[in-house]
Amino acid sequence: MPGEEAFRAQVRGWLAANLAGEFAPLVGSGGPGREHEFVAERTAWERRLGEGGWIGLGWPESDGGRGLPWPHQVIFYEEYARAGAPARVGHMGEQLLGPTLLMFGTAEQRARFLPGILTGTELWCQGYSEPGAGSDLAAVATRARLDGGEWHLDGQKVWTSLAHIADWCFVLARTDPAAERHHGLSYLLVPMRQPGVEVRPIVQLTGTSEFNEVFFDDATTGEGDIVGAPGDGWRVAMGTLAVERGVSTFGQQLAYQREFEAVLATARETGTIDDPELSARIVEAWIGLQVMRYTTLATLRPEPAHTPGTEPNVAKLIWGPWHQRLGELAVDVAGPAATVTGAGYDLDNAQRLLLFSRAETIYGGSAEIQRNVVAERGLGLPREGR
Ligand SMILES: Cc1cc2nc3c(=O)[nH]c(=O)nc-3n(C[C@H](O)[C@H](O)[C@H](O)COP(=O)(O)OP(=O)(O)OC[C@H]3O[C@@H](n4cnc5c(N)ncnc54)[C@H](O)[C@@H]3O)c2cc1C
């Protein structure tokens, strides 16, 4: 295994050589509010990453991964962000479903599904939220029943990111209608390209559609495409959420650093840097960056057995609101130019940052829910009335 600096040089070299030619236009593409950009090309890029062996870096070699230690994975994400490589279309497979299968999947499921993620040839989406089940996820009402050797699904999911390009969806569904709340749920792997699945895009504040509504109308999947036992889906689903924010967070730090630098550059260009209120907010933003760097370091532990306490909740409560304030600062330092909008106009980075970051205190557990977790689990405060 190469040492850390040799590995960094390897990653840099590969990215420089491959983020060229047909992939050169992808630099900086596909981020929040820009998911519509170069979708086919970013899908091809996912396959190129797979060919290069850059997917599943930390997965065991016996499951097709590279078994690389944690610092090597951090280096990859840092270099990926530094190179401005495009937003991944395969992150839900690599970051969520893959680790879930490594924890709970059978040998057959791992052999069937992990290669598609590792080669970038099968894309996944996450089917948890429903119109009546977001923060209160245990209220999931989508039904699945076993009939003729297949699971048959009926119901609706919502806010399903990238469902429009996904080949498969990991779905939390109720398989025992008599059981209440988190009992009687199952974790099913459902092919998206079938007549019983309809995907309807939802237009977001940015004018683009990163997420969708997904309707199941007698959609089917194989009897064996269930992770864990029937009725044990809650435990599996919670396992997925526990891995939701892994080492890729370090790449996010670098992306934030770059956004901050862009805000600073704009403030210099527009002269708004001389405004004492704005320059004080620039300093606050920089301090926030440092806080996030150290919180991230504290959140990520190399030991695989480490069960995080409330560190991920605290981290999210720091980065979500911080990024929203950066969005507000970005448009304030830009001045009147930031107010331009209208049909046919493509939002600029500051405007996108302002608008997309509104979602960041909602997804992955809203800020209110994170505070409840910190209060109840972290501080042992009385449980809120449900
Ligand atoms: C950009 C984006 C992408 C997403 N992608 C996906 C995806 O790919 N797959 C998926 O399954 N889901 C996805 N989601 C959904 C996301 O997980 C939910 O939006 C989130 O869990 C909140 O649920 P909700 O929208 O139903 O809001 P609700 O749960 O209805 O909450 C509404 C408001 O009430 C507050 N609230 C609710 N309960 C409590 C409580 N007990 N105490 C205090 N306050 C409370 C919430 O904090 C929030 O402010 C995505 C969301 C966004 C914004």
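Note: the structure precedes this text.
Keep in mind that what you see is a predicted model, and the values were worked out from it rather than measured.

**Student:** Looking at this model, I keep getting lost on helix α2 (residues 39-51). Mind explaining?
**Tutor:** It helps to recall that an α-helix has 3.6 residues per turn; residues three or four apart then point in one direction. Taking 1.5 Å of rise per residue, the 13 residues of α2 would be expected to cover 18 Å, and the 19 Å separating its terminal C-alpha atoms lies within 8% of that figure. Those residues of α2 that fall on the buried side of the exposure criterion are R42, T43, W45, E46, L49 and G50. With its buried residues spanning 155° around the axis, α2 presents them on a single face. Opposite the packed face of α2, turned more than 90 degrees from it, sit the exposed residues A40 and E51. For α2, the elements touching its buried residues are α1 (4-18), α3 (70-82) and α5 (107-118). Of the residues trailing α2, G53 is marked for its positive phi of about 75°.

**Student:** Please clarify how the nonpolar core should be interpreted in this entry.
**Tutor:** One broad trend across soluble globular proteins is that nonpolar side chains are buried collectively. Among the nonpolar cores identified, the biggest contains 45 residues, and W45, F76, Y187 and L189 are the most heavily contacted of them. Listing elements by their share of this core, those giving two or more residues are α1, α2, α3, α4 (91-104), α5, β4 (168-174), β5 (185-191) and α6 (233-242). When neighbours within four sequence positions are excluded, Y187 is seen to be in contact with L97, T100, Y128, F170, V171, D225, I226, V227, G233, V236, A237 and T240. Core analysis: the second largest hydrophobic core is formed by 21 residues, L278, L289, V333 and L353 among them.

**Student:** Mind showing me how you'd approach the packing of aromatic side chains here?
**Tutor:** Aromatic ring pairs: the centre-centre distance and the angle between the two ring planes describe each pair. Within the structure shown, the criterion is met by 18 aromatic pairs. Ring geometry for W124 versus F170: centroids 6.4 Å apart, planes at 40°, classification tilted. Placement of the pair is W124 in strand β1 (residues 124-127) and F170 in strand β4, with a sequence separation of 46 residues. Among the aromatic residues, those joined into a cluster by ring pairs are F7, W14, F23, W45, W54, F76, Y77 and Y80. In this structure, R66 packs its charged tip against the face of W54, placed 4.9 Å from the ring centre. Against the face of F215 rests R200, its NZ or CZ located 4.1 Å from the ring centre.

**Student:** Mind showing me how you'd approach the environment of Y363 here?
**Tutor:** Within the fold, Y363 resides in the loop between α10 (349-356) and α11 (367-378). Along the sequence, Y363 and G134 sit 229 residues apart, while their C-alpha atoms lie 9.3 Å from each other. Those residues in contact with Y363, other than ones at most four positions away along the chain, are K316, W319 and F356.

**Student:** When you look at the site of the ligand in this model, what are you seeing that I'm missing?
**Tutor:** In the neighbourhood of the ligand, 18 residues make up the surrounding shell, with S129, S135, W159, S366 and E368 lying closest. Contact with the protein chains removes 69% of the 970 Å² of surface that the ligand exposes when unbound. Of the residues belonging to the shell around the ligand, the class tally is seven nonpolar, eight polar and three charged.

**Student:** Looking at this structure, how should I read the environment of Y77?
**Tutor:** Along the chain, Y77 turns up in helix α3. Taking the C-alpha atoms as reference points, Y77 and M103, 26 residues apart in sequence, are found 23 Å from one another. At 2.7 Å, the side chain of Y77 and the side chain of Q95 are in polar contact.

Cut-off values and rules
Residues numbered from 1 in each chain as written. Predicted model: local features only at pLDDT ≥ 70, side-chain atom pairs only at ≥ 80, totals over all residues. Heavy atoms only, no water. Helix = DSSP H or I, 4+ residues; strand = E, 2+ residues; numbered from the N terminus. Expected span 1.5 Å × (residues − 1). Buried < 20%, exposed > 50% of the residue type's maximum accessible area, 1.4 Å probe, protein only. Arc of directions from axis to C-beta. Contact = heavy atoms within 4.5 Å. Core = buried A, V, L, I, M, F, W, Y, C linked by side-chain atoms within 4.5 Å. Phe/Tyr/Trp six-rings, centres within 6.5 Å; stacked < 30°, edge-to-face > 60°. Lys NZ or Arg CZ within 6 Å of the ring centre and 35° of its normal. Near = heavy atom within 4 Å. Areas by Shrake-Rupley, 256 points an atom, 1.4 Å probe, with all protein chains shown as cover. Nonpolar A, V, L, I, M, F, W, Y, C, P; charged D, E, K, R; others polar. Polar contact = N/O pair within 3.5 Å; in protein donor to acceptor, adjacent residues only side chain to side chain.

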